[in-house]
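Given next are the chains, with one letter for each unit.
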Amino acid sequence: MTAAVWSDLLRETAAVYHAHDDLTAFAPFPTDLRAQSVVPHAIPSMRLLMAETGLQDTISAPLCEAVVAAAPIARWRETYKGTGIGQDFLDRFGCYSLIGSGGAYHSSTLWAWIVYMPARLHYTWHHHPGEEIYAVLAGQAEFMRAGEAGAVLRPGETSFHASNQPHAMTTHDHPVLCLVVWRNGFDTLPVLTPQGAAA
Ligand code: FE
């Protein structure tokens, strides 16, 4: 049963990935995937996603449904616990892995996460060596990259983050659901960017 939930999510993710030029140009979808067991870990954001009603604007309803179906069996991340990022962020920001550490599949070439933010949440400036692309699956958010103007991205739109380029995002009146992909730098987690270092 659990394996079927993950294989549904992988299938729907791959379908969206293969149909998207920005994603396939960023990195080929992995060909070395192997299943691995997931130790579920729940955080408050999991229930927010499962009760979310604001994600109808989407590039793939089947993918959104698969993301929600996997929510109760996923290992939700707590990357910023203990950093001083604030309790509201810890209570409402949601991220779980599909491919990579803590995810249902392993690959040596590409790691992929699901990121969910409800409306009116700010994900402050952070950076990491891994090169990254966000693809908005549903809803919308304002994406910010150091040295550039912010932009509201809608379903199907992407944001590329170069190695160690600080980036941030904010939801306004809508939630957002994203697919996040790294193509390298897997051994180094994101860290918050010191204030003043991102402009
Ligand atoms: Fe990032």
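Note that this is a predicted model, so its numbers are computed, not measured. (Residues numbered from 1 in each chain as written. Predicted model: local features only at pLDDT ≥ 70, side-chain atom pairs only at ≥ 80, totals over all residues. Heavy atoms only, no water.)

Caption draft 1: How the structure looks around the coordination of the iron ion. At 2.1 to 2.5 Å from the iron ion lie its protein donor atoms, namely H128 (NE2), E132 (OE), E132 (OE) and H167 (NE2). Seen from the iron ion, its four donor atoms lie at angles of 55 to 137 degrees, and the figure they make is irregular. Between consecutive donors of the iron ion, the numbers of intervening residues give the motif H-x3-E-x34-H. No difference in accessibility class separates H128 from E132, as the two residues are buried. (Donors = N, O, S within 2.8 Å, 3.2 Å for Na, K, Ca; no water. Tetrahedral: all angles 85-135°; square planar, octahedral: opposite > 155°, others 65-115°. Buried < 20%, exposed > 50% of the residue type's maximum accessible area, 1.4 Å probe, protein only.)

Caption draft 2: Representation of helix α4 (residues 61-70). Every buried residue of α4 is listed here: L63, C64, A66, V67 and A70. For α4, the buried positions fall inside an angular range of 160 degrees around the axis, keeping them on one side. Its side-chain oxygen at 3.0 Å from the backbone nitrogen of L63, S60 defines the N-terminal cap of α4. (Helix = DSSP H or I, 4+ residues; strand = E, 2+ residues; numbered from the N terminus. Arc of directions from axis to C-beta. Polar contact = N/O pair within 3.5 Å; in protein donor to acceptor, adjacent residues only side chain to side chain.)

Caption draft 3: A look at the pairing of strand β7 (residues 141-145). Looking at chain direction, β7 and strand β8 (residues 151-153) are connected through three bridges and run antiparallel. Looking across to β8, one finds that F143 is bridged to A151. Across four bridges, β7 lies against strand β10 (residues 167-170) in antiparallel orientation. Within β10, the residue paired with M144 across the bridge is A168. (Pairing = 2+ DSSP bridges.)

Caption draft 4: Spotlight on the pattern of salt bridges. Taken as a whole and judged by the stated rule, the model has seven salt bridges. One salt bridge in this structure joins D8 and R11, with 3.0 Å as the shortest N-O distance. Placement of the pair is D8 and R11 together in helix α1 (residues 2-18), with a separation of three residues, close to one helical turn. Here D88 ties to R92 by a salt bridge, and the two come within 3.0 Å at their closest N and O atoms. A residue pair is termed a helical-turn pair when its members lie 3 or 4 positions apart in one helix, as D88 and R92 do in helix α5 (residues 87-92) at four residues. A relative accessible area of 43% places D88 in the partly exposed class. Residues joined by salt bridges that share partners form a network here, namely D8, R11 and E12. (Salt bridge = Lys/Arg side-chain N within 4 Å of Asp/Glu carboxyl O.)

These figures capture arrangement, not role.
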